[in-house]
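Listed below, chain by chain, are the residues.
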Amino acid sequence: KDANAALLSNFEVYQLLTDLKQQRKESGKTKQSSGQQNLNTIMYETLKYISKTPCRYQSPETVRDFLAAMKDHKLTK
C-alpha cells in the first residue's frame, strides 16, 4: 500500500540509536525540555535492552545477505 513503509530490524534500530547518541555527545547541548528528557530516557532504555541482543554483533552486510537469502520465501511483514 505504501512503498515507503517498512519495518526496521533490531540492527537498524541499534545503529540509529548509537549514531544519535554519538551526535548528541559531540554537540554538547545541556539545556533540554521535559519532552526531550523523556525521549532521552526512552532512547537510553531501548539502547540498554537492545545492546544485550545478538544484533549488537551484526553488520549491514550480514543483514543484507539474510534479506537476500529470505527473498525466495516471499515472507510478509
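For the structure itself, consult the block above.
Residues numbered from 1 in each chain as written. Predicted model: local features only at pLDDT ≥ 70, side-chain atom pairs only at ≥ 80, totals over all residues. Heavy atoms only, no water.

**Topic: the overall build of the protein chain**
And then number 1: Within the protein chain one finds three helices and zero strands.
And then number 2: Listing the helices and strands of the protein chain from first to last along the sequence gives α-α-α.
And then number 3: Relative to its full complement of 77 residues, the protein chain shows a buried share of 13%.
And then number 4: Carbon and sulfur atoms make up 55% of the accessible area of the protein chain, which amounts to about 6,900 Å² in all. (Helix = DSSP H or I, 4+ residues; strand = E, 2+ residues; numbered from the N terminus. Buried < 20%, exposed > 50% of the residue type's maximum accessible area, 1.4 Å probe, protein only. Areas by Shrake-Rupley, 256 points an atom, 1.4 Å probe, with all protein chains shown as cover.)

**Description of the side chain of Ser 51**
And then number 1: Structurally, Ser 51 can be placed in the loop between α2 (34-50) and α3 (60-70).
And then number 2: Those residues in contact with Ser 51, other than ones at most four positions away along the chain, are Tyr 14 and Arg 56. (Contact = heavy atoms within 4.5 Å.)

**Focus on helix α1 (residues 10-27)**
And then number 1: Taking 1.5 Å as the rise per residue, α1 with 18 residues should run 26 Å; its terminal C-alpha atoms sit 26 Å apart, in good agreement.
And then number 2: Contact partners of the buried residues in α1: α2 and α3.
And then number 3: Taken from the residues just after α1, Gly 28 is the one with a positive phi, measuring 70 degrees. (Expected span 1.5 Å × (residues − 1).)

**Topic: the layout of surface pockets**
And then number 1: Roughly 360 Å³ of volume is contained in the largest pocket.
And then number 2: Lining the largest pocket are 13 residues, and of these Ser 9, Glu 12, Val 63, Phe 66 and Leu 67 sit closest to its centre.
And then number 3: Counting residues per element, the ones that place at least two in the lining of the largest pocket are α1 and α3.
And then number 4: The greatest single-element share of the lining of the largest pocket, amounting to four residues, is contributed by α3.
And then number 5: Among the residues making up the lining of the largest pocket, the classes are represented as six nonpolar, five polar and two charged.
And then number 6: Taken as a whole, the second largest pocket encloses approximately 200 Å³ of empty space.
And then number 7: Lining of the second largest pocket is provided by Leu 17, Lys 21, Arg 24, Asn 40, Met 43, Tyr 44, Leu 47 and Lys 48.
And then number 8: Listed by contribution, the elements that provide at least two residues to the lining of the second largest pocket are α1 and α2.
And then number 9: For the lining of the second largest pocket, the element with the highest residue contribution is α2, accounting for five residues. (1 Å grid on protein atoms, 1.4 Å probe; cavity = no way out; pocket = protein on both sides within 12 Å on 5 of 7 lines; lining within 4 Å. Points joined across faces, edges and corners; volume = space filled by probe spheres on them. Nonpolar A, V, L, I, M, F, W, Y, C, P; charged D, E, K, R; others polar.)

**Looking at unusual backbone geometry**
And then number 1: For Lys 74, which is not glycine, the phi torsion reads 50 degrees and is therefore positive.
And then number 2: Looking at where Lys 74 falls in the secondary structure, it is placed in the segment after α3.
And then number 3: For Lys 74, a relative accessible area of 71% corresponds to the exposed category.

These figures come from the coordinates and say nothing about function on their own.
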